[in-house]
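Analysis of the macromolecular model
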Amino acid sequence: MSKYWTIFKISWENSLVYRLNFILWRIRSVLQLLLIYFIWWSVFQGRDDVFGYTQKTILTYIMIAALMRAIILSSRASDLANQINDGSIVNFLVKPLSFIKFYFIRDIADKLLNIAFVIFEISLLIFLLKPQIIIQANLNILLLTILAAIAGIIIYFCISFIVSLLAFWVESSWAFIFMMTIILEGFGGGLFPIDILPNPIFKILMLTPFPYLIYFPSKLYLGTMMGNELLFGFSVLFFWVIILWFLIKWVLDMGLKSYTAVGY
Amino acid sequence: MGIISVKNLKKYYRVHQKEPGFWASIKSFFNRTYYNVKAVDGVSFKIEEGELVGFIGPNGAGKTTTLKVLSGLLYPTSGEIEVLGFEPFKRQSAFQKQFSLIMGQKNQLWWDLPPMESFILNKEIYEVPDEKFKKVVRELSKILQVDDILKVQVRKLSLGQRMKCELIASLLHSPKILFLDEPTIGLDVVAQKNMRDFIKKYNQKFRATIILTSHYMADVRELCKRVIIIDEGRILYDGLLENIVQQFSTHKLIKVDFIKFVDRVKLEAVGQIERFDGLHADIHVPINEVAKRSSKLLTKFPVSDLTIEDPSIEDIIRTIFARGM
C-alpha cells in the first residue's frame, strides 16, 4: 500500500516544482469559468427562461460543472502517450508495479490538488460576483452526485488511458488526444447543459459515456432529475463503467503484446 | 543449468517502408508496404551465475532486442527463454524483483525532482526494507561519489552524475541480474572509467550476473572475460575474449627499429608495410610466417630493436564484421 502512497506524494511534489506553471494553469481555468459565466449571464439579460433554465439554475450549473471538470477531467493521459512514443515506458514495464494503478494514483493526486484550488476559486467568484445560486441541502441528492462523480472519474480515466494506449499502434497519438479533449468538453457538458440540444441528439448522447463526465453529476446536483430519468442515467453510467473497465485491461494487454520498443 | 538460458530465440518486426518525398507520404498513407526485420534470428546461449558477459555488435545487430526479450519487454517470435527459472514475458513480480535493466539512453529518474525522490519511489516499488535502503544508498553513493548531489534536481546534474544516479536507482533492490545497455554512452573518458570500475567491483562483490552491451571496446576489454559477438541477429562468436585473438588473427604486427636508414623496397620482401619512415617500420606478417620473417629481418637488416604484437581487438572485431564468419 505504501507503494501507492509514495506515488501519490511524488506526483504532488512533481506538480508543485514549477510554481509559475501551476499558477498559470489555475488562471487558465479561472478565465475559462469567467468566460462561460459571462456568456450565460448576458444571455439572460431581459429574459427569465432560456431552454427551460432560469438564470439561477444555469449559473449554479456552470459553477458545479467547473468543480466537476476539476474532479473528473484533469489527467495524465498525454504523459502516458509520450512515454510510449519515446520508449521510456520500458522503465515501468520492468518493475513490479501495476501500470493501471500507477497512473490512476497519479490522476487522483492531480485531482485532489486541483479540487483544493477550484473550491477556493469558485468561492472567491461567488463572493465577488454574488450570483444567485442553488445550495443543495438534500443529503440524498448530494450522495447521488458524489456517487456519479466517482463513476465519472473512472469513466474518464478509462477513456483517456485507452486513447493514450493507441500510441502503441500509431506513432502520433496526440491527434486522438486532442480530438478526445474536444469531444469530452463539448459532449461532456462543460460548456453548457447538453439537454438544451435538440431532443433526439440529447437522447443519443445520453447513451454514450460522455455526458456522464460533467453533465450528469452537475445536473444531479440541481435536484431536478426524477424517477425514471435518474434510474436510466445510473444504469447507463454503470454499464459504461463495467464495459470500460474490461476494455482498458484488454487494450493494455493487446498493446503490450504488439509493443515493439523503439530501436533494436 | 545456467541462470539465463536462451534456445533458438527469434524476434521479427514488421516495419513499414516509405520512399522519400511528399507524394510517397500520401501514397503510404493509403497503401503501406511492410517488410520483416529479423532483429534476432536464431540465437542460443547459456549464462552462469556471476558471469560478466559482453554483447558486441554494430548498430542494429540485435543486442538490445535480446536484452529486451530477456527482461520481458518483448514477446519472442519463437524460442525458449528462461531467466532465473522464469519465463520473462509473464512479467511476474517475483522475477522483476530480481533483475534490473539499465539503458544509457532511457532515464527512469524523475526529471524535475532530486534523485533521492526517485530512489524512495523505487524503494517502495521493490519493497526494500528501510535499513537495507539506507545502507545501499550510503554505500553506492559513496563508491560513485555522488553523496553530495542526491538532493539536487535531476535536470541540473551532468550526464555523468545522472548515469551514476540511474545506476543507484536500479541497484536498490540488489538485483541478481543486471542488463546494462550502453551504460557508458555519451560519458567522458574519466566518467567511462569510473563506470567501468564500478561495474567490475559490483560484479565481484555481489556476484551479480551482468550482461553488458557497448560500442566501446574498452568497456568490453576491461570488464568481460566472455563475449558474444552478434551481427544481423545471429551469433558470430561466443567464448573467451582472449581466444578471439588466437582464433581470428591471421596476421601479427612486427615493429622494428633500425640503426641506419634502410631501403623500403627491400623491406617489402618481409611483409606488408603498414608504416615506414626509414628508421622505424610496422610490418604485417602472416601468423605462420612470423618466425621465418623475423629472422630474415634480423639477418638482412641493421636492426636495433624488434617487437612482435597481436593485432588489437578492435581490428579483429572489425575484420569479423567485415567478412562475416
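Please read these numbers as outputs of a predicted model, since none were measured by experiment. (Residues numbered from 1 in each chain as written. Chains lettered and ligands numbered in written order. Predicted model: local features only at pLDDT ≥ 70, side-chain atom pairs only at ≥ 80, totals over all residues. Heavy atoms only, no water.)

A word on the overall build of chain A
Check the secondary structure of chain A and you find eleven helices and two strands. For chain A, the N- to C-terminal ordering of α and β elements is α-α-β-β-α-α-α-α-α-α-α-α-α. Its C-alpha atoms give chain A a radius of gyration of 20 Å, near enough to 18 Å, the size a compact globule of 264 residues would have. For the C-alpha atoms alone, the extent of chain A along its principal axes is close to 70 × 40 × 35 Å. Counting the 264 residues in chain A, one finds 52% classified as buried. Relative to all contacts within chain A whose residues are 6 or more apart in sequence, the contacts with residues 24 or more apart total 79%. Charged side chains of chain A number 18 positive and 13 negative; the gap between the two group centres comes to 5 Å. (Helix = DSSP H or I, 4+ residues; strand = E, 2+ residues; numbered from the N terminus. Rg over C-alpha atoms; globule rule 2.2 N^0.38 Å. Buried < 20%, exposed > 50% of the residue type's maximum accessible area, 1.4 Å probe, protein only. Contact = heavy atoms within 4.5 Å. Lys, Arg positive; Asp, Glu negative; His and termini not counted. Charge placed at Lys NZ, Arg CZ, Asp CG, Glu CD.)

Focus: the sheet that holds strand β11 (residues 272–276) of chain B
Residue and element names in this part refer to chain B. With antiparallel pairing, four strands are arranged side by side in an open sheet as β11-β12-β10-β13. Edge strands, defined here as strands with exactly one partner in the open sheet, are β11 and β13 (303–309). Geometrically, the sheet is characterised by an average inter-axis angle of 20° between neighbouring strands, direction not taken into account. Here strand β10 (residues 251–258) runs beside β13; their pairing, made up of six bridges, is antiparallel. From the neighbouring strand, Val-256 faces β13, where its bridge partner is Leu-306. (Pairing = 2+ DSSP bridges. Axes fitted to C-alpha atoms, helices over the stretch in contact; angles between N-to-C directions.)

Side note on the interface of chain B and chain A
Taken together, the contact pairs 38 residues of chain B with 30 residues of chain A. Between chain B and chain A the total buried area reaches about 3,000 Å² when both faces are included, carbon and sulfur atoms providing 63% of it. Inspection of the region where chain B meets chain A yields one salt bridge. Across the pair B:Glu127 and A:Lys3 runs a salt bridge, and its minimum N-O distance is 3.8 Å. The interface formed by chain B and chain A holds seven residue pairs in polar contact (both at pLDDT 80 or more) in total. (Buried area = accessible area lost by both parts, 1.4 Å probe. Salt bridge = Lys/Arg side-chain N within 4 Å of Asp/Glu carboxyl O. Polar contact = N/O pair within 3.5 Å; in protein donor to acceptor, adjacent residues only side chain to side chain.)

Observations regarding the pairing of strand β12 (residues 280–286) of chain B
Residues and elements named next belong to chain B. Direction of pairing for β10 relative to β12: antiparallel, over a ladder of seven bridges. The partner of Asp-257 across the bridge, within β12, is His-280. In this structure, β11 lies alongside β12, joined through four bridges in antiparallel fashion. Across the sheet, the residue bridging to Gln-272 is His-284, located in β12. Linkage of β11 to β12, two consecutive antiparallel strands, is achieved through a turn of three residues, within which Gly-278 is found at a positive phi near 95°.

Digging into the side chain of B:Gln98
Residue and element names in this part refer to chain B. The topology assignment puts Gln-98 in the loop between α3 (93–96) and β5 (99–103). Of the polar contacts made by the side chain of Gln-98, one reaches the backbone oxygen of Ala-94; its length is 3.0 Å. Apart from the residues lying within four places of it in its own chain, the contact partners of Gln-98 are Leu-84, Phe-86, Pro-175, Lys-176 and Ile-177.

Observations regarding the domain arrangement of chain B
Looking at the assigned domains, one finds that chain B contains domain 1 (4–245) and domain 2 (250–309). Measuring from the centre of the C-alpha atoms in domain 1 of chain B to the corresponding centre in domain 2 of chain B gives 45 Å. (Domains from an automatic or database assignment.)

A closer look at the pairing of strand β8 (residues 226–231) of chain B
The side chains of a regular strand alternate between the sheet's two faces. Residue and element names in this part refer to chain B. The buried count for β8 comes to six of six residues, which makes it a mostly enclosed element. Every second residue of β8 is oriented toward a common face, with Arg-226, Ile-228 and Ile-230 on one face and Val-227, Ile-229 and Asp-231 on the other, all of them buried. Across four bridges, the pairing between strand β3 (residues 52–56) and β8 is parallel. Note that in β8 the partner of Val-53 across the bridge is Arg-226. As paired elements, β8 and strand β9 (residues 234–240) share six bridges and run antiparallel to each other. When the bridges of β9 are listed, Ile-228 appears paired with Asp-238.

What to know about a nonpolar patch on the surface
Residue and element names in this part refer to chain A. A contiguous nonpolar surface patch, about 660 Å² in accessible area, is contributed by Trp-169, Val-170, Phe-176, Met-179, Leu-247, Trp-250 and Met-254. Of all the secondary structure elements, the ones that give two or more residues to the nonpolar patch are α8 (174–188) and α11 (227–258). For the nonpolar patch, the leading source of residues is α11, giving three residues. Position of Trp-169 relative to the elements: it lies in the loop between α7 (139–165) and α8. By relative accessible area, Trp-169 is classed as partly exposed at 41%. (Patch = residues over 30% accessible without salt bridge, like charges linked within 9 Å, V, L, I, M, F, W, Y side chains within 5 Å. Areas by Shrake-Rupley, 256 points an atom, 1.4 Å probe, with all protein chains shown as cover.)

Topic: the nonpolar core
A general trend in soluble globular proteins is that nonpolar side chains are found buried together. Membership of the largest hydrophobic core comes to 174 residues, with the highest contact counts inside it found for A:Phe161, B:Ile4 and B:Phe119. The greatest single-element share of this core, amounting to 13 residues, is contributed by α7(A). Residue contacts for B:Phe119: discarding those within four places in its chain leaves B:Leu109, B:Phe133, B:Val137, B:Leu150, B:Cys165, B:Ile168, B:Ala169 and B:Leu172. Judged by nonpolar contacts, the second largest core, of 14 residues, contains B:Leu267, B:Ile273, B:Ala281 and B:Val285. (Core = buried A, V, L, I, M, F, W, Y, C linked by side-chain atoms within 4.5 Å.)

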